[in-house]
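Structural characterization, general
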Amino acid sequence: MFKKVILYTNQLEDMKGFYEYQLGFRIVEEDDTSFTLSMGESQMVFQESERAAVYHFALNIPGNQFTLAKSWTSERVTLNRQEGMDEVFYANFDADAFYFQDPAGNVVEFIARRSVDRMGNFTVDSILNISEVSITTPYVEEVGELIEDMDIPVRGSKGIDVKALNFLGSGHAFILLVAPKRIWYFSKQKSETHPLSIELSDGRRINITKEGRFRQEKSANPILDKMEEINFSGVAYLAKKNHGQWLRGSLIVPTRDPMLLIQDLVLPQVVKFLRQ
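These notes cover the structure that comes with them.

The rules behind the values
Sequence order as written defines the numbering, with residues in each chain counted from 1. Reporting in this predicted model follows two pLDDT cut-offs: at least 70 for local features of residues, and 80 or more for side-chain atom pairs to be given and counted; totals over whole chains, interfaces and linings ignore these cut-offs and use all residues. The basis for every side-chain value is the complete set of heavy atoms in the structure, and neither hydrogens nor water enter the calculation. The way it works is that DSSP assigns letters per residue, a run of H or I at least four long becomes a helix, a run of E at least two long becomes a strand, and they are numbered from the N terminus. The buried label goes to any residue with under 20% of its type's maximum accessible area, the exposed label to any with over 50%, and the partly exposed label to all in between, with areas taken from a 1.4 Å probe on protein chains only. Residues count as neighbours in contact if any of their non-hydrogen atoms are within 4.5 Å of one another. Note on areas: Shrake-Rupley with a 1.4 Å probe; residue coverage comes only from the protein chains shown. Here, the term nonpolar core denotes a set of buried Ala, Val, Leu, Ile, Met, Phe, Trp, Tyr and Cys residues that are joined through side-chain atoms within 4.5 Å. The pairing criterion is simple: DSSP has to find at least two bridges between the two strands. All axes here are fitted lines through C-alpha atoms, helices being fitted over the stretch that makes contact, and every angle between N-to-C directions spans 0 to 180 degrees.

Considerations on the overall build of the protein chain
- When its secondary structure is counted, the protein chain shows five helices and 16 strands.
- Buried positions account for 45% of the 276 residues belonging to the protein chain.
- Sequence separation of 24 or more characterises 57% of the internal contacts of the protein chain that already satisfy a separation of 6 or more.
- Only carbon and sulfur atoms are counted for the fraction: they give 48% of the accessible area of the protein chain, which is about 15,100 Å².

What follows is the structure, encoded as structure tokens:
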């Protein structure tokens, strides 16, 4: 679900040193105000900001490498503990997890999916993708409903609960939606409202403002953008014996899938227009 996640920090250099040199993540892009880390099939961007910001996020790792991953990580950073334990098994997710914090205070979780196996020793290349990203907002119900409108379901049958930790997603990828001042598992860190941006695998974007408001962005699609620019409102194709006819500005629903009709008939015309 997560293609790229943008988080903010006022400790850019310390964060860069921690992730690149202490943990060994690869930086795939950087400039004076940000750097981008490769996290399996996902990317994590840390963008410089003036104010401090803390988040929770989790990374999927293979289930059979949990012990190796825990040993590898504990050689590089101190693991967080809760009630004397430095790991936990989540039966509802069939996964084991451990936690630590980075220089900015972000609560980072490695979650090992027991249904996923990989051969070999654990390295940073064993990380599969981003598993969880927190959204902390005083507008839990409002933001939750807008995310659900994107066909990202809330886990469970009770719907959005403003007083609980809500999981929105499926499989091994979830947005964690929560109100401020909730203490994150295996830490003393309380949830705080900060801006962030999530780019989904299908190109859609979820932006959360510094106030915790939801702002969605559509994926970039130059063909559809151009169709809107020229005020294209529909197409009719009349199938006759040996010919067809275009009727601009109206739509007659064909017997075949309308989306296939657009693909076959409309897009070539738009591409031709773009090339003019």
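Let's talk about the nonpolar core
- Counting residues in hydrophobic clusters, the biggest one holds 53 residues, and the most contacted among them are Tyr 19, Phe 25, Phe 46, Phe 57, Phe 110 and Ile 198.
- Of all the elements, helix H1 (residues 12-22) adds the most residues to this core, at four residues.
- Those residues in contact with Phe 46, other than ones at most four positions away along the chain, are Leu 7, Thr 9, Leu 12, Met 15, Tyr 19, Thr 33, Ser 34, Phe 35, Leu 37, Phe 57, Asp 102 and Asn 106.
- By size, the runner-up hydrophobic cluster in this structure holds 15 residues, among which are Ala 95, Tyr 99, Phe 174 and Leu 176.

So, the pairing of strand E8 (residues 107-113)
- Taken across its seven residues, E8 has seven buried, putting it largely inside the fold.
- Across the two faces of E8 the burial is the same, with Val 107, Glu 109, Ile 111 and Arg 113 and Val 108, Phe 110 and Ala 112 all buried.
- As paired strands, strand E5 (residues 56-62) and E8 are joined by seven bridges and run parallel to one another. By the bridge assignment, His 56 is partnered in E8 with Val 107.
- In textbook terms, the turn of a hairpin is the stretch between consecutive antiparallel strands, and for strand E7 (residues 95-101) and E8 this stretch comprises five residues, one of which, Gly 105, has a positive phi near 95 degrees.

Comments concerning the sheet that holds strand E10 (residues 166-170)
- A sheet is described by the order of its strands in space; here seven strands give the open sequence E6-E7-E8-E5-E9-E11-E10, paired in mixed fashion. Here the strands that pair on one side only, and so sit at the sheet edges, are strand E6 (88-90) and E10. In this sheet, neighbouring strand axes are inclined to one another by 25 degrees on average, regardless of whether the strands run parallel or antiparallel.
- Summarising the sheet, E6 and E7 pair through three bridges and their orientation is antiparallel. The residue bridging Phe 89 from the neighbouring strand is Asp 96, located in E7.

By themselves, these observations are geometric and do not establish any function.
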